[in-house]
Amino acid sequence: MHKTKATRRNFLKSAVQAGAVLAVPTIIPATVLGRDGAVPPSERIVTGAIGIRGRGMGDLRWIMGNPDVQFVAICDLQKKQQLAVKQYVDTQYGNQDCAMYPEINAFLAERTDIDAVLIATGDRWHALASILAMRAGKDVFTEKPSSMTIAEGRAVVETAARYARVYQTGTQRLSEPNHVFAIEMARTGRLGKIHTAYAHIAPWDAAEMRHDWLPAAPEPPKDEVDWDAWLGPCPWRPFNPGYVSGGWRGHYDFHTSCIGEWGAHTFAQAQAGLDCGESSPVEYEYVANETGDGMVTHFASGVKMILSRGNQYWRGSCGERFDGTEGWAAAADGYSKPDVSSPALLGEFKKIVGDYVARTGRSLDHMRNFLDCVKTREQPSCNVNYHYKVDLALTLANLAYKLGRSVRFDPQTEKIVGDEEAAKRARPVYRDPWKFPAEYLQG
């Protein structure tokens, strides 16, 4: 934990000692001492959030449901979102203490008491907000995808290492028992030698994203929506209210397409079962359709991961499936136990999930896993290095669609192989002043 926690602890200790010396009768609330099930301030994880709306509100409710969390501040470019979060937090705590900030740098600089932040902005801000937060000494729980380009992902990884930060991407299915079971069935060899994995991609939008602009509209006052900051590192375009209300999805500069929308989850699930978290596919076969359905990606081992838009391999959404020489297993949202090639494979469900918990020491609650790691400084289930490899695959699959041809990649050098145009287009271009350090943007 940060020095701020030690300072709070020492302050409380000193206060009690001073009271004893002065012999002044003092009533110390039970919550301060940690009685009656309350968590004492010295053990609380002080949190804030950046960019909370929609899914972010779900994350906020999730983290505040943990008794050792104290949520203190919201940073958001939209005034109405600041107020919405403050109202929710203050109602939960029965006070008016939640602070509001419109600008990220001031928020991070002023709130030295904050240990960890939630980040649930649009895709374009995930990497930069994470980097700024980690440089300010905060641990990070960010919504997926954690980056939009290879250089962004590498910058996040290097920042986490440089500042010794705990980082978790919100791919919560990695911590849910039905997915854990399917993943462990594949990883431990119970399905035989795995030759093919399938990853669900979102059945809306397209792999080919829009390059046009929404019609220009009058720009609102900066204190209502800071449009320039909303765009952040992305190329400038005129304001349209559709963007800030969620209509940024499907646009090239802002989104990772239908592939990234669910693939940020399902690639992570598939790659966990293939036990290849430290690698990425080496080839991405372009498929001549608008949806990404049927794209085949190849690992150096010869194993294939196939992108699927439909439900032929699972029931529900965000599914993954593993095909091995001795059977198959598939999991998705909406049911508690996976589909398997033989009912007998489910006989060890509790044991396999229990073995996973015993081996990793991780909670089956993804947010709790993050909070535990904030305290222990261990690596969470979707840590910065792991999801970087997932984001590499998302980036390269999308790049194949941008180019209309297959792409090859060397995971060792992290370079695109034999395609100068692809390598050039993989390098991001950012606007001032929202730029990553120059060394991150070379390739």
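Cut-offs applied
- Residues numbered from 1 in each chain as written.
- Predicted model: local features only at pLDDT ≥ 70, side-chain atom pairs only at ≥ 80, totals over all residues.
- Heavy atoms only, no water.
- Helix = DSSP H or I, 4+ residues; strand = E, 2+ residues; numbered from the N terminus.
- Contact = heavy atoms within 4.5 Å.
- Buried < 20%, exposed > 50% of the residue type's maximum accessible area, 1.4 Å probe, protein only.
- Polar contact = N/O pair within 3.5 Å; in protein donor to acceptor, adjacent residues only side chain to side chain.
- Axes fitted to C-alpha atoms, helices over the stretch in contact; angles between N-to-C directions.
- Parallel < 35°, antiparallel > 145°, perpendicular 65-115°, else oblique.
- Left-handed = near helix turned anticlockwise from the far one by under 90°.
- Nonpolar A, V, L, I, M, F, W, Y, C, P; charged D, E, K, R; others polar.
- Pairing = 2+ DSSP bridges.

Quick look at the environment of Ala206 now. If you trace the backbone, Ala206 turns up in the loop between strand 7 (194-200) and helix 9 (227-231). Measuring from C-alpha to C-alpha, the distance between Ala206 and Asp293 comes to 9.7 Å, with 87 residues separating the pair along the chain. Each residue touching Ala206, except ones within four places of it in the same chain, is listed here: Ser257, Cys258 and Glu290.

Here we take up the side chain of His126. Among the structural elements, His126 can be located in helix 6 (residues 123-135). Residue His126 is classed as buried on the basis of its relative accessible area, which comes to 1%. One polar contact links the side chain of His126 to the main-chain carbonyl oxygen of Pro145, over a distance of 2.5 Å.

Looking now at the packing of helix 3 (residues 55-64) against helix 13 (residues 366-376). At a closest axis distance of 10 Å, the pairing of helix 3 and helix 13 adopts a crossing angle of 60°. As far as their axial angle goes, helix 13 and helix 3 are oblique. Every pair of crossing elements has a handedness; the one defined by helix 3 and helix 13 is right-handed. Between helix 3 and helix 13, the contacting residues are Asp59, Trp62 and Ile63 on the first element and His366, Met367 and Leu371 on the second. Residues belonging to the contact of helix 3 with helix 13 are distributed by class as follows: four nonpolar, one polar and one charged.

Quick look at the sheet that holds strand 12 (residues 327-331) now. If you trace the nine strands from one edge of the open sheet to the other, you get 13-12-11-7-10-9-8-14-15, paired in mixed fashion. Only two strands of the sheet have a single partner each, and these edge strands are strand 13 (339-340) and strand 15 (415-416). Note: strand 7 against strand 10 (residues 304-308), five bridges, orientation parallel. Paired with Ala199 across the bridge in strand 10 is Leu307. Against the sheet, helix 8 (residues 177-187) engages strand 7, strand 11 (320-324), strand 12 and strand 13, with an angle of about 25° to strand 11.

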